[in-house]
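Observations on the three-dimensional arrangement
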Amino acid sequence: MRIVIAGSSGYLGKPLMDALEGLGEGHDLVRLVRHRPDEENEIVWDPYQGPLDPQILDGVDAVVNLCGTSVGGRRWNAAYKKRIETSRVVPTTVLADAVAAAKVPVMVNASAAGWYGDRADVEVDESTPAAADFLGRLCLKWESAAAAAEESGARVVRLRTGHVLGPGSVLLDRFVPAWKCFLGGRFGSGRQYMPWISLRDWVGAAVTAIEDESIRGPVNMVGPTPITNREFAKALGAAVHRPTPWIIPGWAVKVVAGEAAIELLRGARIKPGVLQANGFEYQDQTLFEALRYALND
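Residues numbered from 1 in each chain as written. Predicted model: local features only at pLDDT ≥ 70, side-chain atom pairs only at ≥ 80, totals over all residues. Heavy atoms only, no water.

1. Regarding the overall build of the protein chain
Cut-off, in case you're wondering: Only DSSP runs of H or I covering at least 4 residues are called helices, and only runs of E covering at least 2 are called strands; the numbering of each starts at the N terminus. Both definitions apply: the radius of gyration is a C-alpha atom measure, and the globule rule equals 2.2 Å times residues to the power 0.38. Type-normalised accessible area, obtained with a 1.4 Å probe on protein chains alone, sets the label of each residue: buried when under 20%, exposed when over 50%, and partly exposed for intermediate values. For the accessible areas, the method is Shrake-Rupley and the probe is 1.4 Å, while residue cover comes only from the protein chains on display. Here Asp and Glu are counted as negative and Lys and Arg as positive; His is not counted, and neither are the chain ends. Charged side chains are reduced to one point each, which is NZ for Lys, CZ for Arg, CG for Asp and CD for Glu.
When you go through the protein chain residue by residue, the secondary structure sums to 11 helices and 13 strands. For 297 residues, the compact-globule formula gives about 19 Å, and the C-alpha radius of gyration of the protein chain, at 19 Å, lands near that figure. With the C-alpha coordinates aligned to their principal axes, the bounding extent of the protein chain is approximately 60 × 40 × 40 Å. Of all 297 residues assigned to the protein chain, the portion counted as buried reaches 52%. Carbon and sulfur atoms provide 52% of the accessible area of the protein chain, an area that totals close to 13400 Å². Averaging the coordinates of the 32 positive side-chain charges in the protein chain and doing the same for the 35 negative ones gives two points 11 Å apart.

2. Comments concerning the sheet that holds strand β4 (residues 62-65)
Cut-off, in case you're wondering: At least two DSSP bridges between two strands are needed for those strands to be called paired. Axes here refer to lines fitted to C-alpha atoms; in helices the fit is confined to the stretch in contact. Angles between the N-to-C directions go from 0 to 180 degrees.
In space, the seven strands of this open sheet follow the order β3-β2-β1-β4-β5-β7-β11, with parallel pairing throughout. With one partner strand each, in any of the chains shown, β3 (42-44) and β11 (217-221) form the two edges of the open sheet. Taken over all neighbouring pairs, the strand axes of this sheet differ in orientation by 25 degrees on average, direction set aside. Bridge analysis of strand β1 (residues 2-6) against β4 gives four bridges, and the strand direction is parallel.

3. Digging into the packing of helix α7 (residues 229-239) against helix α11 (residues 287-294)
Packed helices, taken two at a time, are described by the angle their axes make and the gap between the axes. This is how the line gets drawn: In these notes the angle categories are as follows: under 35 degrees is roughly parallel, over 145 is roughly antiparallel, 65 to 115 is roughly perpendicular, and the rest is oblique. Two helices crossing with the near one rotated counterclockwise from the far one by less than a right angle form a left-handed crossing, whereas a clockwise rotation gives a right-handed crossing. Residues count as neighbours in contact if any of their non-hydrogen atoms are within 4.5 Å of one another.
Taken N-terminus to C-terminus, the directions of α7 and α11 make an angle of 45 degrees; their axes are 10 Å apart at the nearest point. If you check the angle between α7 and α11, you find them oblique. Here α7 and α11 pass one another in a crossing that is right-handed. Residue-level inspection shows Glu231, Phe232, Ala235, Leu236, Ala238 and Ala239 of α7 in contact with α11, the latter providing Leu287, Phe288 and Leu291.

4. Considering helix α1 (residues 13-21)
One full turn of an α-helix is made of 3.6 residues, so residues set three or four places apart face in the same direction. Condition: Each C-beta atom gives one direction from the helix axis, and the arc is the one those directions make.
Taken residue by residue, α1 has Gly13, Leu16, Met17 and Leu20 as its buried positions. Projection of α1 onto a plane perpendicular to its axis shows the buried side chains occupying an angular sector of 100 degrees, all on one side. Projecting away from the buried face of α1 at angles above 90 degrees are the exposed residues Lys14 and Asp18.

5. Examining helix α6 (residues 199-211)
In plain terms, the rule: Multiplying 1.5 Å by the helix residue count minus one yields the expected span of that helix.
Between its terminal C-alpha atoms α6 stretches 18 Å, which fits the 18 Å expected from 13 residues at 1.5 Å a residue. Listed as buried for α6 are Leu199, Asp201, Trp202, Val203, Ala205, Ala206, Val207, Ala209 and Ile210.

6. A closer look at the pairing of β1
The buried count for β1 comes to four of five residues, which makes it a mostly enclosed element. Relative to strand β2 (residues 28-33), β1 is paired through five bridges, and the arrangement is parallel. Considered in β2, the bridge of Ile3 is made with Leu29.

7. Here's the deal with a negative patch on the surface
Which entries qualify depends on this criterion: Residues enter a patch when their relative accessible area is above 30% and they make no salt bridge; the linking distance is 9 Å between like charges and 5 Å between nonpolar side chains (Val, Leu, Ile, Met, Phe, Trp, Tyr). By definition here, a salt bridge exists when the distance from a side-chain nitrogen of Lys or Arg to a carboxyl oxygen of Asp or Glu is within 4 Å.
A cluster of acidic residues, Asp18, Glu21, Asp38, Glu39 and Glu40, forms a negative patch at the surface. Within the secondary structure, Glu21 sits in helix α1.

8. Overview of the pairing of β4
Neither face of β4 is left uncovered, since the one carrying Ala62 and Val64 and the one carrying Val63 and Asn65 both have all their residues buried. Direction of pairing for β4 relative to strand β5 (residues 106-112): parallel, over a ladder of three bridges. Of the residues in β5, the one forming a bridge with Asn65 is Asn109.

9. Some details on the nonpolar core
Condition: Residues grouped as a nonpolar core are buried Ala, Val, Leu, Ile, Met, Phe, Trp, Tyr and Cys residues, joined through side-chain atoms within 4.5 Å.
Among the nonpolar cores identified, the biggest contains 41 residues, and Leu16, Leu159 and Trp202 are the most heavily contacted of them. Take this core: its biggest share by element is eight residues, from α6. Non-local contacts of Leu16, meaning those with residues more than four positions away in its chain, are made with Val64, Leu66, Trp202, Val203, Ala206, Val207 and Ile210.

Structural measurements only, silent on function.
Next comes the structure, spelled out in structure tokens:
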């Protein structure tokens, strides 16, 4: 396959590129980059300056879009929330229009588990409607931005990704030092669910989404075993050999993280329905296995 990837330099993009290059199946990879091209397989683009020339996608079998600034990169204010939205919706719209014009048969687009919002103990799957909170509305706009590609007949896959746990994980880079200093514990009640997936399983699932012609629409990129924040705190404590006695009040999390605290204080029990229906085999079935892999234990 000839595959064009936007967002290839990010935490998910780099290992996905490595996996596609290492499959030995003759995949021809092209990177869309914002900087001056350094390699032969790089093409410069700027989605904020106008449409992408459809000729760039001539002969392309799939487009993968992983663009989007970090949701947890800083406190949310009106300007940063707009940046979060724009960095996802604009590149998706530009690429979907180009996919439609060039008749590319496949578009695999990033999305997020934030689609589901706070669902308490209710299990949700890919058929569940978007939540009405900021992240739910964001994901709805993000996924809807790929409409032109879908209307043109392309097989569009939307990857609703949970917390990705692997070496260099942003989440673990923040938490592990505190846990090692005996400051670990649950956030708020600890009953809220934290959708997770190991990095290597995310990559494997993304490759499957690209190559498997039967997969289309939303795909929950989460592990097979749902866990609560309380269970996450205990598992991480076990992984770093520390107790987790503390209860970190919700108000304290909000003081530190602002509105972004909803990622830690709210969540949904998400079922990876599409992956399970397609027989996807996880390397990390449990959170503890994912943590051992992520921490190189």
